[in-house]
Every structure is written in C-alpha cells, then in structure tokens.
Amino acid sequence: MKKILFVTSEVYPLIKTGGLADVSNGLPKALASLGQEVRLVLPNYHGLKLANRPELVSLLRVDGHTVQLLETMLPGSNVVIWLVDCPKFFDVEGNPYVDVFGNSYKDNAERFALFCRVAIEIAMNRAQLDWKADIVHCNDWQTGLIPALLSLEYQCPATVFTVHNMAYQGIFSGLTAAMLHLPGQLLSVHGLEFHGMISFLKGGIAYADKITTVSPTYAQDIQTPALGYGLEGLLVYRSDDLMGIINGIDGEWNPETDPLIAQNYTANSLQTKSVNKTALQTRLNLPVDGSVLLLSLISRLVEQKGIDMLLDCLPELLLLPVQIVILGSGDKIFEQRLFELAAAYPHKMALTLGYNETLAHQIEAGADVFLMPSRFEPCGLNQMYSQRYGTLPIVRHTGGLADTVVDTLPETMANHTATGFVFNDAHAGTLLEAVKRATLLHSFPEVWQQLQTNAMSRDFSWQNSAEQYLALYESIE
Ligand code: ADP
Ligand code: GLC
C-alpha cells in the first residue's frame with residue numbers, strides 16, 4: 001500500500017473550473033479502491049462547496065505566513081482532504097486563478113508558492129499530522145514548485161508531475177521570483193529559469209521523478225514546437241520519464257442512473273433517449289423536432305476549444321437541418337459573437353452563458369452530436385461522456401480526442417469500432433464537412449443506432465487509468 005499525497009488546485013464537487021477538478025475527484029477515489037492511502041491537498045478557497053464544517057487539524061508557520069490546515073472528506077469516499085487555509089491568499093472572490101473581472105490574481109505566484117510549500121510540509125511529515133507521503137502526485141503549474149523544492153530535501157518522497165495543459169505555465173518575472181525566497185540552486189537554466197523569468201511548470205517537468213500527461217498522443221504533441229510552448233526540448237530530454245495516461249470518467253456520468261436527466265436509458269433502450277431530446281428542446285425554447293440533428297457543445301469558451309472555427313462556420317452550418325445548443329463561458333469576445341448569432345437564429349440555436357452542471361448532463365443526454373473542434377486537447381472529458389450517453393462526438397484529430405474517438409469509416413463501421421467523427425485540419429470548412437457527414441448518416445437510423453451502441457460500449461472507467469498510475473508509482477520507489 002502506498003501513501004499518496006495528491007496535490008491539486010481544484011477538485012469536484014468542492015470547486016471546479018475544468019477537467020482537472022473531475023480528475024482530482026476520480027483518480028484519488030479509484031486509487032483508494034485499489035487499496036492505496038490517498039490524501040488530497042487543496043487551497044481553502046472562498047466559496048468551496050462543503051457539506052460540513054471542516055475540522056482544524058494543524059497550525060503552521062510557513063515562509064512567514066500563518067497557515068491553518070483544515071480536514072474534510074472527498075464526498076462519497078474515504079479520501080481525506082487537507083485544506084490549506086490562508087485567508088489573505090485564498091479567501092477572495094473569484095475562481096481559483098482569476099478575480100471576478102477575469103484577470104489573473106496579481107499575487108498568483110505567492111499564492112501557489114505558499115500552497116506548494118505547505119504541501120511539502122505535509123509530505124515530509126512536518127505538519128503535525130503524523131503522516132509521511134511515499135508519493136507526491138502534483139498537477140499542473142500551480143504545483144510545479146513542489147518537485148523542485150522537494151528535490152533539495154533529505155529522504156524525500158518520490159514525485160509524479162501530471163501536465164493537464166501546457167498552455168498554462170505559471171510564468172513570472174524575475175522580480176516576482178525574488179519575492180518567493182527560492183533557493184538559488186533552483187533558479188538556473190536547468191531549473192526554474194525561463195527566458196529571464198521563472199516558470200512553475202518547468203519546475204515540475206525538470207525535477208519530478210516521472211512526468212505524465214493525460215493522453216499518449218498529447219505526450220507526443222508536447223515534444224514538438226507547436227505544442228511544447230518552449231519546453232519541447234526539455235520534454236524530449238526527459239522523454240524516458242514521460243508517459244501519457246488517458247483520464248477515466250466518473251460514475252456520475254451514466255445515462256442508466258443519472259438523476260439529472262428526464263429519462264434514463266441504456267444501449268438496449270436507446271429509443272427512449274428521445275425523451276431527453278424533447279425535454280432539452282423544450283427547456284431551451286427550441287422547436288420540438290425529433291428528426292432534426294441536435295448538435296451540442298459544452299465548453300470553456302477559449303481558443304483552445306476551437307470556438308473561433310465554430311463561429312466561422314455557424315451561419316452556413318445553421319442552413320443544414322440541425323439545431324445547436326451551446327453551454328459555456330469564457331472569453332468575452334466569443335460570448336458576444338455567440339450571443340449575436342443565437343439572437344439571429346432563435347429557432348435553431350440556444351445559447352446558455354455560464355456554468356451549469358445540471359444542464360450539462362441534460363445536454364449530454366438530449367443531444368445527438370457533441371462538438372469538440374479543439375485546436376489542441378490534452379485529454380478532454382466531454383467526448384468520453386458523450387460516447388457514454390450515445391451522443392456521437394465530432395472531434396478534431398488531436399491529443400486525447402485522437403486517442404478516444406474512432407472515426408466512422410467503411411472499415412470501422414464494418415467491425416463496429418466507429419464511435420464518432422474525426423477531422424484533421426483546424427479549419428471551419430473541415431469542421432463543417434464533418435457535421436455534414438454526421439447529418440447524412442443520421443438519416444439512416446439503423447446505422448446511427450449501431451454507432452451509438454459502439455460508443456456506449458466503450459470502457460472509460462477510472463480503474464484502468466488508476467492501475468497505470470499505480471504501476472508508475474511502483475516503478476519509482
Ligand atoms: P477543460 O478541462 O480543458 O476545460 P475537459 O473536457 O477536460 O476540458 O473538462 C471540462 C469539464 O468542464 C467537463 O466536465 C465539462 O462538462 C465541464 N464544463 C465546461 N464548461 C461547462 C459549463 N459551462 N457548464 C457546466 N460544465 C462545464
Ligand atoms: C485540462 C485539459 C483537458 C483535460 C483536463 C483534465 O484542462 O484542457 O483536455 O481533460 O485538463 O486532465
């Protein structure tokens with residue numbers, strides 16, 4: 001049995017901005033089911049959704065700050081969560097990374113440096129918790145200083161650093177770096193230094209014993225200049241210690257038991273999925289029409305997700321016999337352009353700006369097709385949820401999308417492996433072609449139903465991924 005400290009900046013259902021929160025819920029739980037002792041560390045943000053008041057378990061002085069450690073449980077599990085309570089940094093309005101206006105917090109470097117230092121105190125059994133980690137599993141740049149600082153400790157636990165997204169790097173000026181009191185030996189070009197600044201992400205990649213990312217294809221993608229963000233050389237250098245492990249999906253995303261949808265269904269009762277389509281069209285004030293192809297998209301509205309490509313082809317796309325429902329929030333410019341189109345095509349397009357977990361489930365259950373035209377995608381969860389719900393994904397061939405969706409081609413239809421539609425070039429035109437392909441196939445109900453059955457029979461459970469992480473932990477001690 002391993003003692004695993006899983007350090008993360010978000011975890012569902014306490015706080016979520018994206019897929020990292022889902023992974024931070026699913027993976028620790030799956031590791032615990034495999035008999036491992038997993039503890040999670042998370043900042044005690046303002047607005048955490050907690051069922052009970054957490055218990056105060058420790059009081060520390062770290063880098064000049066007084067920090068309380070509070071203890072709670074990950075709902076539905078025996079995984080303990082330690083909350084790092086430092087109100088000056090974390091009891092602020094806004095999401096974990098940006099303020100209410102969408103601007104990064106000015107003190108992000110200090111916020112997450114303190115978070116990392118506290119995680120180290122816990123991992124090294126210096127936090128009066130009577131617990132020492134065997135493995136510290138770090139996630140994304142917010143935890144990148146942990147492998148770096150731990151590398152200087154005597155008898156330190158082994159470290160795994162998982163890259164969920166290379167696009168977010170935690171780069172700060174030399175001036176900011178000076179405020180973090182980092183030991184000089186970490187600041188060299190072989191360490192945190194990045195073009196005269198420091199990069200938290202680079203700290204994770206340079207110093208962790210093992211580096212993972214969330215799909216095998218993305219593990220290759222980030223070793224190229226196009227998606228390596230200047231760290232491709234380091235990643236190539238560390239490629240023997242780098243691997244891709246695809247994320248799993250949570251049991252909550254199951255059409256058979258989902259309490260949030262109008263009608264539960266399985267691959268054997270697919271005809272009843274249409275009840276969810278009607279409910280969705282009704283809820284979103286679209287004409288109720290069973291025959292129209294109902295397209296959907298749930299996403300952060302950012303360039304990564306190919307929203308600009310979708311916007312560029314939407315006017316033409318809406319001439320097809322389709323409707324589209326979109327749920328998302330993000331860049332104001334995308335929100336505005338989508339808003340204008342939705343106002344212009346009220347009978348064909350329904351836009352919900354904001355974050356809505358319930359509606360996300362109802363869309364997965366009610367739509368026929370899920371769009372994910374990402375420019376890059378480390379893993380992506382919605383294409384897996386969609387397959388689970390028999391809602392065929394249209395995805396671009398990149399990262400985890402390439403690894404989890406099988407394109408509909410004559411041979412994949414014949415051997416029943418086809419589960420969606422994959423296109424290559426990042427252009428509005430190729431996306432539109434894929435939608436046309438789906439529209440055509442949708443007019444053959446038996447073919448469509450076979451594709452849905454193929455998609456629904458895929459196994460995206462966490463157990464498989466957790467076993468791979470466990471094997472990795474075992475390889476480094
Ligand atoms: P990323 O982490 O890059 O945003 P993922 O596909 O890994 O992409 O995960 C996104 C997660 O966030 C999914 O669980 C998705 O359902 C959810 N999500 C994104 N936007 C919204 C929204 N506006 N409302 C509800 N859920 C959302
Ligand atoms: C990131 C990626 C997404 C991935 C998620 C969880 O947010 O953008 O592709 O699924 O992390 O690993």
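See the structure printed just above.
What you see is a predicted model, and the numbers here were worked out from it, not measured in a lab.

Peer 1: Requested: an account of the overall build of the chain, with residues and values cited.
Peer 2: Looking only at helices and strands, the chain features 19 helices and 18 strands. By the compact-globule yardstick of 23 Å for 477 residues, the chain fits well, its C-alpha radius of gyration being 23 Å. Referenced to the eigenvectors of the C-alpha coordinate spread, the extents of the chain come out at roughly 65 × 45 × 45 Å. A burial count over the chain gives 58% of its 477 residues as buried. Across the chain, every contact between residues at least 6 apart in sequence was considered, and the portion connecting residues at least 24 apart equals 70%. With an accessible surface of roughly 18800 Å², the chain has 53% of that area assigned to carbon and sulfur atoms. Side-chain charges of the chain comprise 31 positive and 49 negative groups, with the mean position of each set lying 2 Å from the other.

Peer 1: So what's going on with the layout of surface pockets? Residues and values would help.
Peer 2: Each pocket or cavity is described by its volume, and for the second largest pocket that value is around 320 Å³. In this structure, the second largest pocket is lined by 14 residues; those nearest its centre are Leu-270, Asp-368, His-442, Trp-448 and Gln-452. Tallying contributions element by element places helix α18 (residues 445-456) first for the lining of the second largest pocket, with four residues. Each residue belonging to the lining of the second largest pocket can be placed in one class, and the counts come to four nonpolar, seven polar and three charged.

Peer 1: So what's going on with the site of ligand 2? Residues and values would help.
Peer 2: Near ligand 2 there are 13 residues, and of these His-164, Asn-247, Glu-377, Cys-379 and Gly-380 occur at the shortest range. Measuring from an oxygen atom of ligand 2, one finds a side-chain N or O atom of Glu-377 at 2.5 Å. The fraction of the free accessible surface of ligand 2 (310 Å²) that becomes covered by protein chains is 93%. When residues in the shell around ligand 2 are grouped by element, the largest group, three residues, is from helix α1 (residues 19-33).

Peer 1: How would you summarise the side chain of Gln-383 if you had to cite specific residues and measurements?
Peer 2: Along the chain, Gln-383 falls in helix α14 (residues 382-388). Within the structure, Gln-383 has its side chain in polar contact with the backbone oxygen of Gly-380 (distance 2.9 Å). Beyond its immediate stretch of four places on either side in the chain, Gln-383 contacts Met-372, Pro-393, Val-395, Gly-400, Leu-401, Thr-404 and Val-405.

Peer 1: Describe the site of ligand 1, with residues and values.
Peer 2: Around ligand 1, a shell composed of 21 residues is seen, among which Gly-19, Arg-300, Lys-305, Gly-354 and Leu-381 lie nearest. Side-chain polar atom of Asn-382 to an oxygen atom of ligand 1: 3.2 Å apart, as the coordinates give it. The protein chains hide 93% of the 570 Å² of surface that ligand 1 would expose on its own. For the shell around ligand 1, the secondary structure elements donating two or more residues are α1, β13 (293-301), β14 (322-330) and α14. If one sorts the elements of the shell around ligand 1 by residue count, β13 sits on top with three residues. When its residues are assigned to classes, the shell around ligand 1 shows seven nonpolar, nine polar and five charged. Both domains that furnish three or more residues to the shell around ligand 1 are identified here as domain 1 (3-248 + 462-475) and domain 2 (267-456).

Peer 1: Give me the lowdown on the sheet that holds strand β10 (residues 197-199), citing residues and values where you can.
Peer 2: The antiparallel open sheet is built from three strands, whose spatial order is β8-β10-β9. A strand with exactly one partner marks an edge of an open sheet, and here the two such strands are β8 (171-172) and β9 (193-194). Pairing geometry for β9 and β10, over two bridges, is antiparallel. Each residue of the ladder has a partner; that of Phe-194, found in β10, is Met-197. Docked against the sheet, helix α6 (residues 200-207) engages β8, β9 and β10, running at close to 60° with respect to β10.

Calculation notes
Residues numbered from 1 in each chain as written. Chains lettered and ligands numbered in written order. Predicted model: local features only at pLDDT ≥ 70, side-chain atom pairs only at ≥ 80, totals over all residues. Heavy atoms only, no water. Helix = DSSP H or I, 4+ residues; strand = E, 2+ residues; numbered from the N terminus. Rg over C-alpha atoms; globule rule 2.2 N^0.38 Å. Buried < 20%, exposed > 50% of the residue type's maximum accessible area, 1.4 Å probe, protein only. Contact = heavy atoms within 4.5 Å. Areas by Shrake-Rupley, 256 points an atom, 1.4 Å probe, with all protein chains shown as cover. Lys, Arg positive; Asp, Glu negative; His and termini not counted. Charge placed at Lys NZ, Arg CZ, Asp CG, Glu CD. 1 Å grid on protein atoms, 1.4 Å probe; cavity = no way out; pocket = protein on both sides within 12 Å on 5 of 7 lines; lining within 4 Å. Points joined across faces, edges and corners; volume = space filled by probe spheres on them. Nonpolar A, V, L, I, M, F, W, Y, C, P; charged D, E, K, R; others polar. Near = heavy atom within 4 Å. Polar contact = N/O pair within 3.5 Å; in protein donor to acceptor, adjacent residues only side chain to side chain. Domains from an automatic or database assignment. Pairing = 2+ DSSP bridges. Axes fitted to C-alpha atoms, helices over the stretch in contact; angles between N-to-C directions.

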